[in-house]
Amino acid sequence: VKRFFATFFLAFGSISGCSQQDGPSLYVEDVRILAPLPASGASVAYFRIVNGDSTSAKLVNISSPQFGQVAMHETKEEEGVARMRPVAAISIPGNDAVEFASGGLHVMLMNPEDELHPGSSVTLQLQFENNLLIVSSTLQARRAPQ
Amino acid sequence: METSNKLLVAIFIALAIIGGTFFFSKAMQKQNTRPEFATLWPGSVQIPEIDLTSHDDQPFGNTNLEGSWQLMFFGFTSCPDVCPATLQQLALVQAALSESGEIAPKIILVSVDPERDTPKLLNTYVAYFDADIIGVTGSLEEIRKLTSAAGIFFDKSYLDETEYTVDHSTVILVINESGAIHASFSAPHTIENLVTDMPRIIGSK
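Keep in mind that what you see is a predicted model, and the values were worked out from it rather than measured.

Topic: the pattern of salt bridges
Right, so step 1: Per the counting criterion, the structure on display carries 9 salt bridges over all chains.
Right, so step 2: The residue aspartate 167 of chain B makes a salt bridge to arginine 83 of chain A at a minimum N-O spacing of 3.5 Å. With aspartate 167 of chain B in strand 8 (residues 164-169) and arginine 83 of chain A in strand 6 (residues 81-86), this residue pair bridges two chains.
Right, so step 3: A network of salt bridges, in which partner residues are shared, links Glu29, Asp30, Arg48 and Glu99 of chain A.

Focus: the pairing of strand 7 (residues 154-158) of chain B
Right, so step 1: As defined by bridge partners, strand 7 of chain B adjoins strand 8 of chain B across 5 bridges and the pair is classed as antiparallel. When the bridges of strand 8 of chain B are listed, lysine 156 of chain B appears paired with valine 166 of chain B.

Remarks on the packing of aromatic side chains
All names here are of chain B.
Right, so step 1: Here the structure, examined in full by the defined rule, presents 4 aromatic pairs over all chains.
Right, so step 2: Consider the rings of tyrosine 125 and phenylalanine 129, whose centres lie 5.2 Å apart with planes at 65 degrees: the pair is edge-to-face. Comparing tyrosine 125 with phenylalanine 129, the two get one shared label, buried.
Right, so step 3: Feature note: the residues Tyr125, Tyr128 and Phe129 constitute an aromatic cluster, connected by ring pairs.

Description of the pairing of strand 10 (residues 121-128) of chain A
Residues and elements named next belong to chain A.
Right, so step 1: Here strand 4 (residues 57-63) runs beside strand 10; their pairing, made up of 4 bridges, is antiparallel. Within strand 10, the position partnered with serine 63 by the bridge is glutamine 125.
Right, so step 2: The pairing of strand 10 with strand 11 (residues 132-140) spans 7 bridges and is classified as antiparallel. Within strand 11, the residue paired with leucine 124 across the bridge is valine 135.
Right, so step 3: Between strand 10 and strand 11, which pair antiparallel one after the other, the connecting turn spans 3 residues.

What about helix 5 (residues 191-203) of chain B?
Residues and elements named next belong to chain B.
Right, so step 1: Helix length check: helix 5, at 13 residues, gives a terminal C-alpha distance of 19 Å against a target of 18 Å (1.5 Å per residue), a fit within 8%.
Right, so step 2: At aspartate 197, helix 5 shows its largest bend, some 30 degrees, and a proline, proline 199, comes one to four positions later.
Right, so step 3: Those residues of helix 5 that fall on the buried side of the exposure criterion are Ile191, Asn193, Leu194, Asp197, Met198, Ile201 and Ile202.
Right, so step 4: Looking at the buried positions of helix 5, the neighbouring elements they touch are strand 1 (39-46), strand 4 (70-75), helix 2 (82-99), strand 9 (172-175) and strand 10 (180-185).

Brief notes about the interface of chain B and chain A
Bring the parts together and some accessible area is lost; that lost area is often taken as the interface size.
Right, so step 1: At the junction of the two partners, chain B supplies 29 residues and chain A supplies 29 residues.
Right, so step 2: The contact between chain B and chain A buries some 2300 Å² in all, and 60% of this surface belongs to carbon and sulfur atoms.
Right, so step 3: Per-residue buried area on chain B facing chain A is highest for Pro80, Asp81 and Tyr128 of chain B; these three make up 27% of the total on that side.
Right, so step 4: Inspection of the chain B/chain A interface yields 9 residue pairs in polar contact (both at pLDDT 80 or more).
Right, so step 5: Examining the composition of the side of chain B that touches chain A, we find that 6 residues originate from one element, helix 2 of chain B, more than from any other.
Right, so step 6: Residue composition of the side of chain B that touches chain A, by class: 15 nonpolar, 10 polar and 4 charged.

Structural notes on the confidence of the model for chain B
Right, so step 1: Averaged over every residue, the pLDDT of chain B is 89; the share at 70 or more is 89%.
Right, so step 2: Confidence estimates for the predicted assembly give a pTM of 0.81 and an ipTM of 0.75.

Observations regarding the nonpolar core
Most often, soluble globular proteins have nonpolar side chains that are buried together.
Right, so step 1: Ranked by size, the top nonpolar core spans 53 residues in total, and within it Leu71, Met72 and Phe185 of chain B carry the most contacts.
Right, so step 2: It is helix 2 of chain B that provides the largest number of residues to this core, a total of 6 residues.
Right, so step 3: In this view, phenylalanine 185 of chain B contacts Phe37, Ala38, Leu71, Val171, Ile172, Val174, Asn193, Leu194, Asp197, Met198 and Ile201 of chain B; residues no more than four positions away in its chain are not counted.
Right, so step 4: In terms of nonpolar packing, the next biggest core, distinct from the first, is built from 29 residues, Val28, Ile49, Ala57 and Leu116 of chain A among them.

Considerations on the side chain of serine 169 of chain B
Right, so step 1: Relative to the helices and strands, serine 169 of chain B resides in strand 8.
Right, so step 2: For serine 169 of chain B, the side chain forms a polar contact with the main-chain nitrogen of phenylalanine 153 of chain B, separated by 2.8 Å.
Right, so step 3: For serine 169 of chain B, the residues in contact, after removing those within four places along its chain, are Gly80 and Val81 of chain A together with Phe74, Gly151, Ile152 and Phe153 of chain B.

What to know about unusual backbone geometry
Right, so step 1: A cis amide bond, omega 5 degrees, links alanine 187 of chain B with the succeeding residue proline 188 of chain B.
Right, so step 2: Note that proline 188 of chain B resides in the loop between strand 10 and helix 5.
Right, so step 3: Despite not being glycine, glutamate 79 of chain A shows a phi value in the positive range, around 50 degrees.
Right, so step 4: Inspection of the secondary structure puts glutamate 79 of chain A in the loop between strand 5 (67-78) and strand 6.

Definitions and cut-offs
Residues numbered from 1 in each chain as written. Chains lettered and ligands numbered in written order. Predicted model: local features only at pLDDT ≥ 70, side-chain atom pairs only at ≥ 80, totals over all residues. Heavy atoms only, no water. Salt bridge = Lys/Arg side-chain N within 4 Å of Asp/Glu carboxyl O. Helix = DSSP H or I, 4+ residues; strand = E, 2+ residues; numbered from the N terminus. Pairing = 2+ DSSP bridges. Phe/Tyr/Trp six-rings, centres within 6.5 Å; stacked < 30°, edge-to-face > 60°. Buried < 20%, exposed > 50% of the residue type's maximum accessible area, 1.4 Å probe, protein only. Expected span 1.5 Å × (residues − 1). Bend = angle between axes of the 7 residues up to and from the residue. Contact = heavy atoms within 4.5 Å. Buried area = accessible area lost by both parts, 1.4 Å probe. Polar contact = N/O pair within 3.5 Å; in protein donor to acceptor, adjacent residues only side chain to side chain. Nonpolar A, V, L, I, M, F, W, Y, C, P; charged D, E, K, R; others polar. pLDDT = per-residue confidence, 0-100. Core = buried A, V, L, I, M, F, W, Y, C linked by side-chain atoms within 4.5 Å.

Following this line, the structure appears as structure tokens:
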């Protein structure tokens, strides 16, 4: 699996299980940020957060310098009806991973600061309770899931 | 047993085998041409008289639904996840059917957010998908006429004090050449399922 982790910052305290030899215990991989839709200007980001530490990590906020508004949402389909709801925080259990994917958890990116196209660089700042992950990627053209 | 009786028994057995094979083959053929993933709507369901507006700011009524097969999806332009993914799937279904020489249905997106989805906005939106997609909007009352007949649910849900999303059914309707609801696909949708079933649905008419 291609790891798309970019930078890892320690903001508060220390993180157990993280060393130069072992690599970071908390990281983001398989990042896909889709180009904004023409009418609403909304983009969407998908990725997987992997927590290799034995203790859980809590994602409490996501921001991006390229977008004025960023929110975590979850789409749930029940009895043939899709309902999207905001999510305040996501807990990633120890030695586990949480997937942000189409039709489920996703990051909605709204109010782009500049005109963005496929290939434009976008940075996401994932604020956890005890640390901060910064992920950079380029916008992808939207393609249909097969 | 006399020779003539033996002959009669042999002929009877041979006819039984031939007949059985014929009926089994017919039964299998019928089974293979029935939609595998879609649900047929027995007798089709007529859509009540509607007065909507297309993305090119033209009146869109029942006559616009006649004369061709269509795949109708309900969504809105601010939807970041499910709606664009489904429209992209439908665009690929249309292209795949066209390339294989089958009848390629038109794609119709009916907005369930007419408050924000003006014809102008829909025009920009549908052009993005590089397919023959017709965006349709109108008054809430007119849209409800269509959704009620089709059993489509939609409702506003506020994300905060000002921003809202729209909960909506994810079913894809198949509209026949008479402008009636002929079949439907329930989510999760795949390109393969739609490409497999559309010729069978059209053949079932």
